[in-house]
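Fold and geometry: a report
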Amino acid sequence: MASETMVMPYYKVNVLTGSKAAKVIDVPADGVAIINKAKNPLYVFGEEVIATPVGDRLLIDFALEIAKSRDIAICATAHVKKKMLELGVKPDSVYDIIEIVHFLKMKEWSGVRGKGFHDLVLFTGVRCDLAERGLATLKHFAPHLKTFAICRRSHPNADFAVPVLVKVDKWREYLEDMIRTLGATKPA
Amino acid sequence: MYAVDVGPQYEGERIRKTEFQVEFGGPEVSHKGELVTVKGHDEVEHDKITVTGPDIKDFAEGVSSALFIKVEVAGEVLEKDLEAVLERRIHQYINYIEGVFHMAQRYDIWIRIHKNAFKKGLNSFEQVGRILIDLFTAELPVIEKMSIEFVTDPAKVQELLAEAMKVYKERDDKLKGLKDEDVDEFYACVLCQSFAPTHVCVVTPERISLCGAINWFDGRAAVKVDPEGAQFAVPKGNLIDPENISYDTINQVVTERSLGETTHVSLHSALTNPHTSCGCFEAIVFYIPEVDGFGVVSRDFVGVTVTGEPFSTLAGHASGGKQNEGYVGIGVQYLKSPKFLIGDGGYNRVAWMPTSLKESAAENIPQELMDKIATEKDVSNVDELTEFMQKAGRL
Amino acid sequence: MHSKIRDAEIRALIRADDPWEPVGPTPMPTLMDLRNWDLRLLSTYEPFYAPFCDLCCLCTYGKCDLTEDRKGACGIDMASQQARWILICCLMGTAAHGAHGRHMIDYLIEKYGEDFPINLGTQVNVEAPIIRTVLGVKVETLRDLRTAIEYVEREFIHLVSATHTGQEGNYLDFESKAFHAGMLDHVALEAADIAQIAGFGYPTSVADTPLVDLGWGIMDSTKPTIVVVGHNAVTANAIIDYLREHDLYGKVEVGGICCTSHDVTRYASGAKVIGPLSQQRFFLKTGLADVVVTDEQCVLLDIPQMAKETGAAMIACSDKISYGLENASERPADEIVREVLEEQKQFLILDPQKAAEVVVRAALELAPKRSAQKQLLTEAEAAALAAKCRGTCELCNRTCNSLLPVAAAVHQAGQGNFTKLGEVFRRCHGCGRCEQECINQIPILRLMQAAAARDTFKMRSGRGPIHDVEIRKVGSPIVLGTIPGVVLFAGCSNFPQDIDDVAWLAEELARRKYIVNLSGCAAMAAAMKKDDEGRTIYEKYIPEFDAGCIVNVGSCVANCHVVGAAIKIANIFATLPNRANYELISDYILNRVGACGVVWGPYSQKALCIGTGAVRWGIPIVLGPHGSKYRRLYMSKKEMGDWTVMDGRTKQLVDTGEPTPEHMMVVTESKERALVTIIKQCFRRNDTPPGRAIKLNSYISAYKQVMGTLPDDLQNFVRTDKDIPIVYKREVVAYLKEVGWQPKPVLSLPTIIGTYETKVPIEATIK
C-alpha cells in the first residue's frame, strides 16, 4: 500500500519544507503498477549506480533490469556512460542530471527517443541532495509528468518514492521483488 | 587509438634527463636530421613506414642515438617550395605525442621519449610513423601519398645528412635573395580580424607578418594547402609610391578588407600611411620627435623605454587595426629585412633599442651606426638620448 | 533614476573631463540602466529554479504555500519567490565584500590620507578594470576607491528595497537585480583588493610570488601559536608588524584559516596557511592554537566556546562578529592582557594595533602553560572514545550534508582502524552536526586528530592583478581560441567528494594548456595533492597568466583580477573603450573571451554573488553539486534554443545554430562531468577554426577519458570541417555523417548588441 505522505527521508538535508510530499511506495508491486501505466517513461541513472554495491552486484545491474523489462529509455548522467558501455548497454541519451531535468520541464521537448514528453521519470543513483533539488524543480515546474525516485534514502519531492531502507538486504529484496513483478505483469 | 594520447595539449612538454627512456639527436649526438621531399606520384609508396637500424625498444635506457627522419610525399598540387613548410610540421606533430618532445629542426633535431610513454607501449618508430602519417594526411589533404623512414644506423644517418645539407643550403640561398620586386604576389592575413576587425596584414618577401609567424613562403604554402583559410594571395599591382613602397592593388584589397578604414598602406614606413597593427606584434617601432628618430622595443623588454612608456603603453598606441602615424608593430625578423623602414631611412633613423634586440639585429645594422644607436644601458630618458645623439653626431 | 543633478554629480565623481577615454553610455549604472542587457541574457539563459523550500515565511500574511502554481497572499509565485531569495542572498554577499572594502579603505585613509596613490607597479597600467568599466573612473587614489564603495552603497539600498513584500513581483526583474548586486559585488571586490595591495604593499606586478607552507600539520606548536580566522587581514597584518617590531617574527607561529591566511601570507611569506574553511572547526578543536583571532566572514560562530574548551585565548576584531563580548578597544592593553590571562576573558578589540599587542603578549604568556592542551589525540585514546559506537544507528550519517559514511568510519575507529575516518576527514567540511546527533556523545571531530594525515604542502601566495603585458601576450590566442580557455577556480570548500578534486581538475586543464587561476579556499585545496615526486601543482606549473600555467590570484576579493583580465583583453588587447561601457565589454567577453568560473565547493552567499556577477559579464559558471542548493541556475535550451546573433561585419542577423556558451550557470554531478563541462563552457562563437579545433581536441580527449566515446553533442560545436581536430578527424567525420550534421556559419564579429534595445550602437563593436 502506498502511504499518503512521507514522514522523514534518510538525509536531513532532504527534509521537506512544504505541503506536498511523495507517496511512499511500500510495496514494490505498487511501483510496478505505476511503471506499467506509463506511456513514455524515462529512467535517469545517476553516478552512484556505477559505484554502489547492493550485495554482490552493482546498483546498475538492478536498474538495467528494470529498464530492460519495459524497454524504458535510459539517460546516463555524470560519467555513467563509460561503465554502461563496458556492460554492453548504450544509453539512449547522455545529459548531466540538471540538464535532463531542465529538458524534462519543457512539455514541448521531443524526449530522448523523439516520442514527445515523458510522462513518468524514474531516478536511481543520483547523489541524494542533488536528486532532491531536481525533483523539486519537476514537482513545481513540470505538471505534465510524474517522478518516481527508486532510491533507498527516499525523496519527499518525488511523486512516488521508495521508503527509507537502511539495511542493504531490504533494499535488495525491494529491487528484486520489483524486477520479478515486472516480469510477471504486462504494461497497461 | 594509439599507445599514448596525441593532441596539441602536449606541445611544450619538457622531458628532463632523468625522465627519458631514450633520446635521439641532441647535443650528445653529432649526426641527426630530418627532411621532407616532394616526389612524383609513382615514386612514393603510401603508408610505408620503415625503421632502419635499431628501434626504440632495442636501445638501453638512457642512451642517446643518431636519427634521421626521411619523409617523402606526393600530391598533385605539392611543389618543392612547400618542403620546408611541411618539414616544420614534423616538429609540431611529434610534439603532439604524449611523452615525446622534439626540438629544433633540420640537422639539429633533438627527440626524447619519456619513460612513462615507453611503459605505456610507445616502443617503436612504427607507431610514431603511423601518428605522423595520420596527422599529415588528416590536416593536409593535398598530401595524397606519404612514406616515412626512421634511420638510426649511424653510418646511414651520416650519409643522409650529407645529402640533406645540400638541400638546406639550396633553400636558404633561394630565400636570402628574394626581394619584394622578384614576386608578383604578396599574401594577406585577416586571422586577427576577430579582435581587430579592420586590420589586414600584408606579407611580402621582405616583410614578415607582425606576429612573426608567417613569412612569404608560409603564406604561399598556406594558400596552397588551404585556399579558403585566413591567408590569401594578393597580386601586388603597380608600385605607386616608390619612396614609401605602396602598391595600387594592395591598397585596393586593404580598403575592402578593412571595411574602408585604411585606404593607403606603405609597406615599409612608420610615418607615412603605416601598416596597421592588430595587437600580436613582437616589437613596436615608435617615433621620438625630440630626436626625429625611432625607438624599437620588443615584448620581452621589462621596464620603461627611453620615452618613459613601457611596451604595454606603446602597444596601446599601436594596436587596434587603425593607422597611427609614428607607430608600427613588427615581427622581430623584420629587423633583418633589407627594406626595414626604408621609406623613413631604415637604421639611419633608429635612435634607441634595448640591448637584446640590438644584439639580435647586429648583422643588419650598418657598421658605422652600431655605436650610435643608444640602448637602455646608455640612456634612460629623452634628454639623455638627445645628448647621446648629439655626441654621436646624429643631431 | 537619472536626473540632471545626478548626472552632473556622476560626471564630477568620475572626473568626466579626464581625457583617458570618452565616457561611455552607462557611468555608475542604476538598476534600470543595464536591465535590457540582463533580459537579453535571460532570454537565452533562462533561470532554472530548484526550490529548497516550498513556503514563503517572510511576512505575517504567511506562511504561504507556493507549491506548483499557488500564489502567496501578496501575489508572489514560486519562481519569483526563488528569484527574490536569490537576490537577498546576493545582497548578503555584496554587503560582506562591500563592508569589507569600506572598512579596509576607511582604515587606510585614516592611516595614509585620501590622496594616498594607488600604484600597482610597472606591469599594471589598467589598475581597476571593473571600476573603470562600471563607474567610468580611473582609480588614482584611495579617495577614488571610496567613491567606488559609495556607489555600491547607493545602489544597494534600492536593491534591498525591492525585496520587501509588495515590491518587485517578476522573477526576471529579480534576476536583473541579482545581476546588479553581482556587478556591485565585483566593484567592491576590486576596491577592497586594490586598497589592500596599495596599503599593505602586497605583491603586484610580480608573477613568481613565494611558495608558502600549507596544511594543518605545518604549525610548529612548540612555539607560541596564533591562529587568525576570516577574511579581513587588517589585524593579522598588525600582528605581523608587532612581531617584526619586537624581534619576534619567526619565533611566534602565525597561521591562518580561510582568506585571512591568503592575505597574511601576501604580507609576510613566513606566515602559514593552515587550510580552508572546511578544516576550521577540526583545527580549532585540536587546541594547537594558543590564541584564536577572528575577523570577518565565514568565521564559525562557536569559536568562543571552542577556544574556552581548549584553554586558548580568543580575541574578536570585527564589529560584524562581536559574539556578545566586551568591547575593549578603548581600554589599556596591559589591563586586557591581564584579564585574558587571569580570568580567561575573551574580548572584542576593534583597534588593530591594540589587538595585535594583546594577541602576541597573550600567546607568549600562554604557550608555556598550555603544552598539555596541545597534545593531539593518540590512536589508542581515539579508539577508546569511539568504542561505544556500533555503527548501526546511523544518526550521524543522516545528518551529514556531505552524505559521508560517518557511522562506519567511527565504528572502525573504535576497533583501532582509522583508514575510513581518514577518508571521511578529507571529505568533511567540519560542521560538527554528527557529534550533536551522536547518542553516545562521541567527539567525532576530535577523533579525526588520530586519523587525519599530517601532510604539509606548498602553495604559491596570491599574486594580485594579471599584468597588462601578460594580457597582451595571451589576448590574441585567447580570442582566436588557440589558448583553449581561462578558468578560475574560486570559492569555498564545500566539496562533494575528496578535497583534492580541485587539484585534479586544475591539472587536467593546465596540461591541456588552459590558463588556470585559483583563489580563496579553492586555491588552498588545490595545494593538497602531490605528484609522485612530492610536488603540488604550484611547484609543478609556472605561475604566469599563460597557457598551461597555474596562478593563485589570492583571497576571495582577488577574484576580481580574473574578471579584470577578461575586461583587459577587450580593453588593452582589442582596444575597446571600457570607460562606463559595461554592455560593450560584456558582449565582447560573452562572444569572444573563452573564460569560465568554477565553484566546486560552493557554500556561501558571497560565492553565489560572485558567480552571479560573473554571468552578467558574460562569464559562465560551473558549480559542484552543493551549488544546486543555491536553488537557481541559468541554462539554455541547447540545440533547441535560438542562437541568432548579429554579424558585426555585415550588420545582419545570423542564426549560428551553435549553443555557445552553452549555459551560464550549471551544476555538475561529478568531477569527471565537471571537466568536460568546463571545457565546453570555454567555447565562444568567435573562435577561429584553428582555435575551435584546439578546443574540440581538448573536449574530445577529456570526454573519451571520462566517458569512453566521442562527445554526444559534438555536432552542436563543429561549424565547418575546419573545426575538426586533426587527431580525431577520421572518427569525427564518420560520426558527423552518422548523425546528419550540417555546417554552420563561422562569424568573425559575433555580437548580441543590436539584437535588443540598447544605447550601444553596433558600430561600437567594430573598433
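Residues numbered from 1 in each chain as written. Chains lettered and ligands numbered in written order. Predicted model: local features only at pLDDT ≥ 70, side-chain atom pairs only at ≥ 80, totals over all residues. Heavy atoms only, no water.

1. Examining the overall build of chain C
Cut-off, in case you're wondering: Strands here are runs of E lasting at least two residues and helices are runs of H or I lasting at least four, both read from the DSSP assignment and numbered beginning at the N terminus. Our radius of gyration looks at C-alpha atoms and nothing else; its globule reference is 2.2 Å times the residue count to the power 0.38. Here the term buried applies to any residue with accessible area under 20% of the maximum for its type, exposed to any over 50%, and partly exposed to those in between, with areas from a 1.4 Å probe on protein chains only. In what follows, a contact means two residues having at least one pair of non-hydrogen atoms within 4.5 Å. Calculation of accessible area relied on Shrake-Rupley with a 1.4 Å probe; when residues are assessed, cover is drawn exclusively from the protein chains displayed. For this count, His and the chain ends are skipped, Lys and Arg are scored as positive, and Asp and Glu as negative. Where a charge lies is defined by one atom per residue type: Lys uses NZ, Arg uses CZ, Asp uses CG and Glu uses CD.
What chain C contains, in helices and strands, is 29 helices and 22 strands. Over its C-alpha atoms chain C spans a radius of gyration of 26 Å, differing by no more than 12% from the 27 Å that the globule rule assigns to 767 residues. Looking at chain C as a whole, 68% of its 767 residues are labelled buried. Considering only contacts within chain C whose residues lie at least 6 apart along the sequence, 76% involve residues at least 24 apart. Of the roughly 23,900 Å² of accessible surface on chain C, a fraction of 51% belongs to carbon and sulfur atoms. Chain C carries 84 positive and 92 negative side-chain charges, and their two centres are separated by 3 Å.

2. With respect to the pairing of strand 9 (residues 313-316) of chain C
Residue and element names in this part refer to chain C. The line we're drawing: Each pair of strands is called paired provided DSSP finds at least two bridges between the two strands. Handedness of a crossover: with both strands directed away from the viewer, a clockwise path from the first strand across the helix to the second marks it as right-handed.
Both faces of strand 9 are covered, namely the face carrying Ala313 and Ile315 and the face carrying Met314 and Ala316. Both strand 8 (residues 291-294) and strand 9 contribute to a ladder of four bridges, which runs parallel. Within strand 9, the position partnered with Val292 by the bridge is Met314. Regarding the hand of the β-α-β motif, the stretch spanning strand 8, helix 10 (residues 303-310) and strand 9 is right-handed.

3. Considering the confidence of the model for chain C
Stated formally: The pLDDT score gives, residue by residue, the confidence of the prediction method on a 0 to 100 scale.
Of the residues in chain C, 100% have a pLDDT of 70 or more, and the chain-wide mean is 96. Here the predicted complex scores 0.90 on pTM and 0.96 on ipTM.

4. What about the domain arrangement of chain C?
Residues and elements named next belong to chain C. Filter applied, for reference: Each domain's extent was defined by an automatic or database domain assignment. Note on definitions: buried area is the accessible-area loss of two parts on being combined, 1.4 Å probe, summed for both. Basic side-chain nitrogens of Lys or Arg form a salt bridge, by our definition, when they fall within 4 Å of a carboxyl oxygen of Asp or Glu. Polar contact criterion, stated in full: a pair of N or O atoms within 3.5 Å, where within protein one must be able to donate a hydrogen and the other to accept it, and residues adjacent in sequence count only if both atoms are side-chain atoms. By the convention adopted, Pro, Cys, Tyr, Trp, Phe, Met, Ile, Leu, Val and Ala count as nonpolar, Lys, Arg, Asp and Glu as charged, and the other residues, Gly among them, as polar.
One can read the domain layout of chain C as domain 1 (4-200), domain 2 (216-374), domain 3 (379-451) and domain 4 (457-765). Counting residues at the interface gives 16 residues for domain 2 and 20 residues for domain 4. Carbon and sulfur atoms make up 66% of the area that domain 2 and domain 4 hide from each other, which totals about 1,400 Å². Contact with domain 4 buries surface across domain 2, with His262, Arg266 and Pro276 losing the most and accounting together for 43% of the total. In this assembly, domain 2 and domain 4 are joined by zero salt bridges. Counting across the interface, domain 2 meets domain 4 through five residue pairs in polar contact (both at pLDDT 80 or more). Mapped onto the side of domain 2 that touches domain 4, the elements with two or more residues apiece are helix 8 (259-267) and strand 7 (272-275). Per-element accounting of the side of domain 2 that touches domain 4 gives the leading share, six residues, to helix 8. In terms of residue class, the side of domain 2 that touches domain 4 is made up of six nonpolar, eight polar and two charged.

5. Regarding the side chain of His140(A)
Tracing the sequence through the fold places His140(A) in helix 5 (residues 128-141). A distance of 2.9 Å separates a polar side-chain atom of His140(A) from the backbone nitrogen of Glu68(C).

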